Amino acid sequence: MRVLLAVSCALALYATSGSCLPTPGMAVPNTPENMERLAHPKPDDLAEELSGQFEGDMVLDEDQLSVLRDKRNGLITQTSRWPNRIVKYYIHEPDFTPEQVQHIELGVRLLQSQSCLQFQRVTPDVPAYIRVIGSSSGCFSSVGYIGNAQNLNLQPNTVGVGCFRIGTVVHEFLHALGFYHQQSASDRDEFVDILWDNIQEGTQNNFNIYGSNVVTDFNVRYDYGSVMHYGATAFSKNGQKTIVTKDPNATIGQRLGMSERDISKLNWMYGCLGKN
């Protein structure tokens, strides 16, 4: 899709120098401020934007980090897709209540029902799978197929709150399937304005644009309604909007589930031509 350290370094994680880029494949510690907000979320807060990783909730591998360091191309690659359209996942049940486990499974069923992907729940002795855990702060995931165990963290909360909004569960699984954030699209500036003066210092690079030679939208139009779109006040330092839609009637940041265009992109990505 225009779908792809220590705490002292976390606030500078996105510095253009690259000196504070994270260790490939490793989540960084969240900030105390984000952890406090996650503990007492406001109605419009999106937990994945408060999770302390690159662009809020993405854990990048070496190839993906090299794009930031060297501006190298190459994230459009079949190797980031799950082989044979089979997605293996393991839920570490000690981290969750039975109700939370059921909610994770609901997110998986939604993804499977709207694509040709097969999701197989496995034990943690297979070579490559999504390991769903709830032991870190916030919600985050690796991006695309890594080829070994890759963490997808959902901080436990009441079902329907924080990382346990159903759209947020789907959002993180879509990262694991290879989706990047919608507002990273190369044509982003045709559809939204970024209010840079309202963005928290050190997080401006969360609003970077990826070129069309790095990620692709599969010829599906920019989607205000995408479950992968930031909310209007993402990374705001003053509570004011950081993203303003050029369409005055559009809303962004929904976490109810995949939009029609999300579904179309997922099916194009994995060759599910009969599922659009």
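Quick notes on the rules
Residues numbered from 1 in each chain as written. Predicted model: local features only at pLDDT ≥ 70, side-chain atom pairs only at ≥ 80, totals over all residues. Heavy atoms only, no water. Helix = DSSP H or I, 4+ residues; strand = E, 2+ residues; numbered from the N terminus. Areas by Shrake-Rupley, 256 points an atom, 1.4 Å probe, with all protein chains shown as cover. Salt bridge = Lys/Arg side-chain N within 4 Å of Asp/Glu carboxyl O. Pairing = 2+ DSSP bridges. Right-handed = clockwise from strand over helix to strand, strands pointing away. Contact = heavy atoms within 4.5 Å. Axes fitted to C-alpha atoms, helices over the stretch in contact; angles between N-to-C directions. Core = buried A, V, L, I, M, F, W, Y, C linked by side-chain atoms within 4.5 Å. Buried < 20%, exposed > 50% of the residue type's maximum accessible area, 1.4 Å probe, protein only. Parallel < 35°, antiparallel > 145°, perpendicular 65-115°, else oblique. Left-handed = near helix turned anticlockwise from the far one by under 90°. Nonpolar A, V, L, I, M, F, W, Y, C, P; charged D, E, K, R; others polar. Lys, Arg positive; Asp, Glu negative; His and termini not counted. Phe/Tyr/Trp six-rings, centres within 6.5 Å; stacked < 30°, edge-to-face > 60°.

As named in an unreviewed UniProt entry, the protein is Metalloendopeptidase, taken from Anopheles culicifacies.

1. Some details on the overall build of the protein
In terms of regular secondary structure, the protein is built from 6 helices and 8 strands. Traced from its N-terminal end to its C-terminal end, the protein shows the element sequence α-α-β-α-β-α-β-β-β-β-α-β-β-α. Accessible area for the protein stands at about 12000 Å²; split by element, carbon and sulfur atoms hold 50% of it.

2. So, the pattern of salt bridges
Scanning all chains against the criterion turns up 6 salt bridges. Between E48 and R255 there is a salt bridge, with the nearest N and O atoms lying 2.3 Å from each other. Here the residue E48 occupies a position in the loop between α2 (32-39) and β1 (58-59), and R255 occupies one in the loop between β8 (243-245) and α6 (260-269), the gap between them amounting to 207 residues. The partner of R121 in a salt bridge is E105, with the nearest N and O atoms 2.6 Å apart. With R121 in strand β3 (residues 118-121) and E105 in helix α4 (residues 98-113), this residue pair connects regions lying 16 residues apart in the sequence.

3. Focus on the pairing of β3
Sheet analysis places strand β2 (residues 86-91) next to β3, joined by 4 bridges and oriented parallel. Its bridge partner lying in β3, V87 is registered against F119. For the handedness criterion, the β-α-β arrangement of β2, α4 and β3 is classed as right-handed.

4. Looking at the sheet that holds strand β4 (residues 129-133)
In a beta sheet, neighbouring strands are held together by backbone hydrogen bonds and run either parallel or antiparallel to one another. Spatially, β1-β5-β6-β4-β2-β3 is the arrangement adopted by the 6 strands of the open sheet, whose pairing is mixed. Two strands close off the open sheet at either side, each with one partner strand: β1 and β3. Pairing between β1 and strand β5 (residues 139-142): 2 bridges, direction parallel. From the neighbouring strand, V59 faces β5, where its bridge partner is S142. Sitting on the sheet, α4 is in contact with β2, β3, β4 and β6 (149-154), with an inclination near 155 degrees to β3.

5. Topic: the nonpolar core
Core analysis: the largest hydrophobic core is formed by 37 residues, its most contacted members being L154, F173, L174 and L177. Broken down by secondary-structure element, the contributors of at least two residues to this core are β2, α4, β4, β6, α5 (166-177) and α6. It is α5 that contributes the most residues to this core, 6 residues altogether. The next biggest cluster of nonpolar side chains, apart from the first, holds 14 residues, and it includes V192, I194, Y222 and Y224.

6. Some remarks on the pairing of β2
Judged from the 3 bridges that link them, β2 and β4 form a sheet pairing that is parallel. If you follow Y89 over to β4, its bridge partner there is I130.

7. Describing the packing of α4 against α5
In contact at an axis separation of 9 Å, α4 and α5 are set at 60 degrees when each is read in the N-to-C sense. Judged on the interaxial angle alone, α5 and α4 are oblique. Where α4 crosses over α5, the handedness of that crossing is right-handed. Here H103, I104, L106, G107, V108, L110 and L111 of α4 lie close against α5, whose contacting residues are I166, V169, V170, F173, L174 and L177. Among the residues making up the contact of α4 with α5, the classes are represented as 11 nonpolar, 2 polar and no charged.

8. A few points about the side chain of E172
Looking at the secondary structure, you find E172 in helix α5. Buried and unpaired, E172 has R255 as its nearest opposite-charge partner, separated by 7.1 Å. E172 has contacts with E48, D57, C139, F140, S141, L152 and L154, leaving out every residue within four places of it along the chain.

9. Structural notes on the packing of aromatic side chains
In total, this model carries 13 aromatic pairs according to the counting rule given. Taking the centre distance of 5.9 Å and the plane angle of 65 degrees together, the rings of F96 and F164 count as edge-to-face. Taken as a pair, F96 in the loop between β2 and α4 and F164 in the loop between β6 and α5 lie far apart in primary sequence, 68 residues in all. Take F96: its relative accessible area is 8%, and that puts it in the buried class. Consider the rings of W196 and F207, whose centres lie 6.1 Å apart with planes at 75 degrees: the pair is edge-to-face. With W196 in the loop between β7 (192-194) and β8 and F207 in the loop between β7 and β8, this pair connects stretches of sequence that are 11 residues apart. Taking the relative accessible area as the measure of exposure, W196 reaches 43% and is therefore partly exposed. Taken together, the aromatic side chains of W196, F207, Y230 and F235 make up a single cluster linked through ring pairs.

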